[in-house]
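Residues per chain are reported as follows:
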Amino acid sequence: MNSTRTIFAVNFLVLAIAGCATTTPTTPAAVSPTTSTASPVAAPAGITAPAARPAGALAAPLTAAPVPTPGSPPPPRPFADVIKDATVTKGWFTTYQKDDKVWLEIMPDQIEKPIALSMNVTHGIGERGLYGNQMGAYGAADNGGVLNIVTLRRFSPTVVQLVSLNAEYGPRDNTPVGMAIERSFSDSLLGTAPVASAPHPERKSFLIELNPLFVSDMSHVSFQVEQSFRQSYALDVRNSSFAKIRSTDDQLSVGVKLHFGLARLSVPMPGAPQPVPFTPLPTTLPDIRSFFMGIQYNLAKLPETVMTPRIADPRVGYFNTTTYDFSDNEKRSPKQKFVNRWRLEKSDPSAALSEPKQPIVYWLDKNIPEKYRPAVADGILAWNKAYEKIGFKNAIVVKQQKPEDDFDTSDLRHASVRWFVGKGVPFGARGPSATDPRSGEILDADIELSEEMTRIYTTRYTEDTPRPIGMVRRAGTLCTYAEMKFSDVAFSLDLLDARGEVLMGSPQAEQFVMEGLRDIMAHEVGHTLGLRHNFRASTIYTEAQVTDPEFSKTNGLSGSVMDYNPLNLSLPGQKQGAYFMSTLGPYDYWAIEYGYKPFGKETEAAEVAKIASRSNEPLLAYATDEDAGYGSTMEGIDPEVNRFDLTGDPLAHYGKRVKLVREMWDRLQAKETPAGQPYEYLRRNFDRGFMQLATISELTSKFVGGVSLLRDNAGTGRAPITPTSADQQRVALNLLADSLFSESNFRYSPQFLSRLSVDFLDREDGAWSNFGAGGTYSANLSLPDRVLSLQRSVLQRLTADGVAKRLTDSPALTGENAPALTIAELYSTLQSRIWSEAESGNATTPMRRALQREYLRWMVFTLKRESGNTPGDARVIVRAQAKQLLAKLDSARRNASGSVEQRAHLDDAYDQLQSALTAVSTKAGA
C-alpha cells in the first residue's frame, strides 16, 4: 500500500475513533527519550528492529571490576581496558568506537577551554521543515546564527558537563563589574556524560561516554516535529546510533542517526472541534510511526586571536552580532553591535592589490547537479569585483567537492553550497551563516538550494495546506527571494511563450533558468558575506535606463543584488533591456567597502564613519526588512521600500505589470491549445497572473497613507520622516480602483474559463493525503472568489487604523496648508467606486455584489465597534459616509428593476446599514 493510501487509512481510522469510541482504546506506551522502561515503537511490517538495550546503559565491563567499598562510588576502569578492541579516530579530539558505544578522550588542557559548537541537519524526511542538508538546529537549540561557545566542565569525579557559555554579556573577569556580571547572567547546560575511565598513565587524559551527549535531542528535533505535525513523536534512543565520526587537527565532527517514534496517534475527543488549520500527518514516510533524522555536531577550535570587530552602522545593511559591555559606564548603553564578516587580511599589506592570507572558500557539494554548477559558481564569484575595488585579488574562491572526497560540507570548516530535495518546499534558497559571538567573525556558511525552483515550466498547479517551517533559525533564512524570483520568471516565460518569443523547454527558456540561478546565488552569497536585504535599491534607475539594453547590461537593473529584483519585462513595442540583474550594483560595492576594507586600529573608527556618511548619495539608497514590513507581523509604511518593485517610479512599474498580466490572459484566450496537451497548464498560467496582481496591489496600497523613512544622520539636508505626497497617493488610489475594483479587468470568454482544468492526478493525491481536513481543492474555478481575495486584502489595507492615523498626522509633518489626501477623500473615493451602481442604477454582477458586501462589512464593523485604535476623525467620517450610502441604497432599492438577487442585495445592505446607524445613535443617546 503506498504512503498516501496508508495516510488515508490512518486518517479514516482517527475519524472513526473520534466519532464512535466510547472507551479509551488500549495503546502501547509512548516512546521515552530518557528511560529504559518505555515500550518500543512497533516495528513496521517487514522491518526488523535492531536489538534493543536500555537507554544510556553502559557496555558490559571487559574485565571484572573491583568490589567497591559500601557507600563509595566504584573506582573508574583503567583507560586501556575501556578502549580494548575499539576503533580509533585520532585528531584534536580522539574518539574510540566499539559496537554502539563511543568514547571521547579529553586531555587535561581541554577542560574548561572555550570551544565552538555547531549543529546541522544532514538527513530529514523531506517535508514541513524537516529537510536534509540544512544548516542549524531547531527551536531552543538554535542560537540565531551565533555559534554556541561551549566548554567541557568537570562537574564531579564521575560526570562531565557540556556547558554553553553566555558570551553575550561581559566582561567576566575579576573586576567588581565582572563579578556582578557573573552573578547576573547564567550559562546553559546542554548535556552530561559519565566519566568512563581512570586517567591515562602517561597523557593524564580520561574518557567520557559520548552516547548520552549526542545520541540525544540536543538539536531539538522534537520541537520542529511537534510544530509540524502536532503529534507526540519521541526520541527512541535504543534505535538511534552514531553515523560517521571525523576528526582533524582542529575539529571533531560527530554524525548521529536519530530515530523518532510515535506509539499512538493523537485522537481528538468525540465532538471536539478540529484544530484550525488542520495539520496533516506525514506524507513521505513508509510508516507514519517512525522516521530517522541525521544530525551532525561539530566541535572546533575557536580562532586563537579574536578578530577585531567592526562597529555596525544602521545606514549600511549588515547582519550583526550583539554583545553587552558593562565595563564602561560612560557609554549611553552597554549594547554594542558588530557587523558579521569573514576575517580577510592581505598577504601583502603594502600592495594596492593583494591576495588574502586566507580567501573565503565556497565548496560546491557533490550533490549539486552538474548542469547547474557553472551558474552557481558564477553567482558566487561575481562578488570578487567588489573586493578588488578595496584591494583584494581572488578574495573568494570556489572549489568542487569530488565524489571520492570524504569530508562532509556540514562540518564547521567548509563553507558550502548544497542541493536539497523535498516535497512542497516553502523556500527556494537560503544563505545562513555562523558567527563568533565575541567579534562577529563568520566562521561557516552553507547555502541551501532547493531543486524545486528550477522546475519553473513543469510545475503543476496544486493547492496544498499551509506548511509551517518552524521558527526563523537564522537572520539570513528569512529570505523568500528564490521562490518569488522563480515565480516571477515563470510568469514572464508564460507571457513570452504566449508571444512566441521564448518557447517553453527551448534553449532560451533553459537560459532563463540559468540566469535566474546566477541572480539568486549572488543574492544568497551576499547574505553569507554578512549583507542584509536592501529593498530601496530598486528605485535608483529610471524606466528609460532599465529598458536600455546597453545600460541595463552594464549597470544592472537596481542598486543591489540584495534587493528582490523582478524580471525586467517590457511591453510590446517597448525596448527590452536586460531581463536579469546581471552584475553587482553600486550599493554592493559600497557595503563591501564598509565591512571589509582594511584599516589600522588608530584610523578605523574615523574611516568607516566616513564611508557610512555617503549614505545620502542617490545610488547608495538603503532600507531593509523592517522598513519593507513582514506582512501582518510588521507593517511596512514606506512605499519606496518593497520586494519586487523597479525604477524610481514604482507606480508606473505597477501599472505596466497590470498591463502585462492582462496581455498574458488575452493571449491565452486567443491561443489554441495543442491537441493532447493537458488543460491544467492554462489554469497554472491563469493563477500566476493573479499572483502578480496580489503583489502589485499590496505594494500599490502602501502609497496611501505612506511615509518615507530615511536612515540619515544629521547633516544630509534630508528629513528622515516624510509623508508621501498627496498626488502620489491619489495616483495609487486610482490605479487600485481601475485595476482591482473595476470588473472590466476581469472579463474572460466563457470558453477560456471552461478550460481552466485542474491536474486530476494532483487532485487525487490531495484527496487522499488531506482526507477529512477539507484539503481537497475544487475542480471548479470560482472567478468571483479569486477576485474578491485580491479586493479584500486591498480594502483591509486602505481602511486600516494605521492608514487613517497617518493621514490624520500628516499635516503636523508637512504643514497645515500643504496639499494632503484626507480621510474624507479616501473613504469617499472608495465608496463612490465600489457602490457606483447604487447611484447610476446599473445592474450588479455577483463579482460586484461580493465587493460591496466586503465594504459593507467593514463599515458596519467600524460603526458598531465600541473601542479600538481608529482615530476619531475616521469614525465620524465613516458615519457620515454611511448616512450618504443609506440614502442612495434607499433610492436604489425603491427603483430597482434588476434580478431578484440584485434587489435582495440592495434590501439587505440597506437593512444592515440602517441597523448599525440606529445602534450607534441609540448608544450615543444613552
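### Focus on the overall build of the protein chain
Along the backbone of the protein chain there are 26 helices and 23 strands. Residues classed as buried in the protein chain amount to 51% of the 926 residues present. Long-range pairs, those at least 24 residues apart, make up 75% of the contacts in the protein chain with a sequence separation of at least 6. Of the roughly 40800 Å² of accessible surface on the protein chain, a fraction of 55% belongs to carbon and sulfur atoms.

### Re helix H24 (residues 846-864)
For H24, with 19 residues, the first-to-last C-alpha span of 27 Å sits near the 27 Å given by 1.5 Å per residue. For H24, the buried fraction is high: 14 of the 19 residues fall into the buried class.

### Description of the side chain of Gln 296
Residue placement: Gln 296 occurs in strand E13 (residues 290-300). A polar contact is formed between the side chain of Gln 296 and the side chain of Asn 298, at a distance of 3.1 Å. Setting aside chain neighbours within four positions, we find Gln 296 in contact with Ser 118, Met 119, Asn 120, Thr 122, Arg 246, Ser 253, Val 254, Gly 255, Asp 408, Ser 410 and Asp 411.

### Some words on the sheet that holds strand E3 (residues 101-106)
Here we have 4 strands laid out as an open sheet, ordered E1-E2-E3-E9, and antiparallel in their pairing. Of all the strands in the sheet, the pair left with one neighbour each is strand E1 (87-89) and strand E9 (206-209). In this sheet, adjacent strand axes meet at a mean angle of 25° when their direction is disregarded. Pairing between strand E2 (residues 94-98) and E3: 5 bridges, direction antiparallel. Opposite Thr 94, over in E3, you have Glu 105 as the bridge partner.

### Observations concerning the packing of helix H16 (residues 680-701) against helix H20 (residues 783-798)
Orientation of H16 relative to H20, taken along the N-to-C sense of each, is 10°, at an axis distance of 9 Å. Classified by the angle their axes make, H16 and H20 are roughly parallel. Our pair here, H16 against H20, has a crossing hand that is right-handed. Facing Arg 683, Phe 686, Asp 687, Phe 690, Leu 693, Ala 694, Ser 697 and Ser 701 of H16, the residues of H20 in contact are Leu 783, Arg 786, Val 787, Leu 790, Val 794, Arg 797 and Leu 798. For the contact of H16 with H20, the residue count by class is 9 nonpolar, 2 polar and 4 charged.

### A closer look at the sheet that holds strand E15 (residues 335-339)
What the 3 strands build is an open sheet, ordered E7-E14-E15; its pairing is mixed. Two strands close off the open sheet at either side, each with one partner strand: strand E7 (169-170) and E15. Relative to strand E14 (residues 320-325), E7 runs parallel, the two sharing 2 bridges. What sits directly across from Tyr 169, in E14, is Tyr 324.

### Concerning the packing of aromatic side chains
Scanning all chains against the criterion turns up 35 aromatic pairs. Judged by centre distance (5.5 Å) and plane angle (10°), the rings of Phe 260 and Phe 291 are stacked. With Phe 260 in strand E12 (residues 251-261) and Phe 291 in strand E13, this residue pair connects regions lying 31 residues apart in the sequence. Its relative accessible area of 2% is what places Phe 291 among the buried residues.

### Examining the pattern of salt bridges
All chains considered together, the criterion is met by 55 salt bridges. The closest approach of N and O atoms between Arg 238 and Asp 236, which form a salt bridge, is 4.0 Å. Each member of the pair, Arg 238 together with Asp 236, is buried. One network of salt bridges, in which partners are shared, links Arg 532, Asp 625, Glu 626, Asp 627, Arg 643 and Arg 711.

### Remarks on helix H9 (residues 507-528)
For H9, which comprises 22 residues, the first-to-last C-alpha distance of 31 Å matches the rise-based estimate of 32 Å (1.5 Å per residue) to within 8%. H9 sits mainly inside the fold: 16 of its 22 residues count as buried.

### Describing the pairing of strand E6 (residues 159-164)
The element E6 is extensively covered by neighbouring structure, given that 5 of its 6 residues are classed as buried. In terms of strand pairing, strand E5 (residues 148-156) meets E6 through 6 bridges, oriented antiparallel. Note on E6: the bridge partner recorded for Arg 154 is Val 160. Once E5 ends, the chain turns through 2 residues before running back antiparallel as E6.

### A word on the nonpolar core
By size, the foremost hydrophobic cluster in this structure holds 149 residues, and its most contacted members are Trp 383, Tyr 387, Leu 529 and Leu 913. For this core, the element with the highest residue contribution is H9, accounting for 9 residues. Not counting residues up to four positions away in its chain, the partners in contact with Tyr 387 are Leu 344, Ile 360, Phe 392, Ala 395, Ile 396, Leu 529, Ile 592 and Tyr 596. Ile 111, Leu 162, Leu 281 and Met 293 belong to the second largest nonpolar core, which has 51 residues in total.

### Examining the side chain of Asn 166
The residue Asn 166 is located in the loop between E6 and E7 in this model. Under the relative-accessibility criterion, Asn 166 is labelled buried at 19%. If sequence neighbours within four positions are ignored, Asn 166 has contacts with Arg 172, Phe 185, Ser 186 and Asp 187.

### Considering the pairing of E14
Residues Thr 321, Thr 323 and Asp 325 line the buried face of E14, whereas the alternating positions Asn 320, Thr 322 and Tyr 324 sit on a face that is not buried. Pairing geometry for E14 and E15, over 5 bridges, is antiparallel. For Thr 322, the partnering residue across the bridge sits in E15 and is Lys 337.

Here is what the cut-offs are and how they apply
Residues numbered from 1 in each chain as written. Predicted model: local features only at pLDDT ≥ 70, side-chain atom pairs only at ≥ 80, totals over all residues. Heavy atoms only, no water. Helix = DSSP H or I, 4+ residues; strand = E, 2+ residues; numbered from the N terminus. Buried < 20%, exposed > 50% of the residue type's maximum accessible area, 1.4 Å probe, protein only. Contact = heavy atoms within 4.5 Å. Areas by Shrake-Rupley, 256 points an atom, 1.4 Å probe, with all protein chains shown as cover. Expected span 1.5 Å × (residues − 1). Polar contact = N/O pair within 3.5 Å; in protein donor to acceptor, adjacent residues only side chain to side chain. Pairing = 2+ DSSP bridges. Axes fitted to C-alpha atoms, helices over the stretch in contact; angles between N-to-C directions. Parallel < 35°, antiparallel > 145°, perpendicular 65-115°, else oblique. Left-handed = near helix turned anticlockwise from the far one by under 90°. Nonpolar A, V, L, I, M, F, W, Y, C, P; charged D, E, K, R; others polar. Phe/Tyr/Trp six-rings, centres within 6.5 Å; stacked < 30°, edge-to-face > 60°. Salt bridge = Lys/Arg side-chain N within 4 Å of Asp/Glu carboxyl O. Core = buried A, V, L, I, M, F, W, Y, C linked by side-chain atoms within 4.5 Å.

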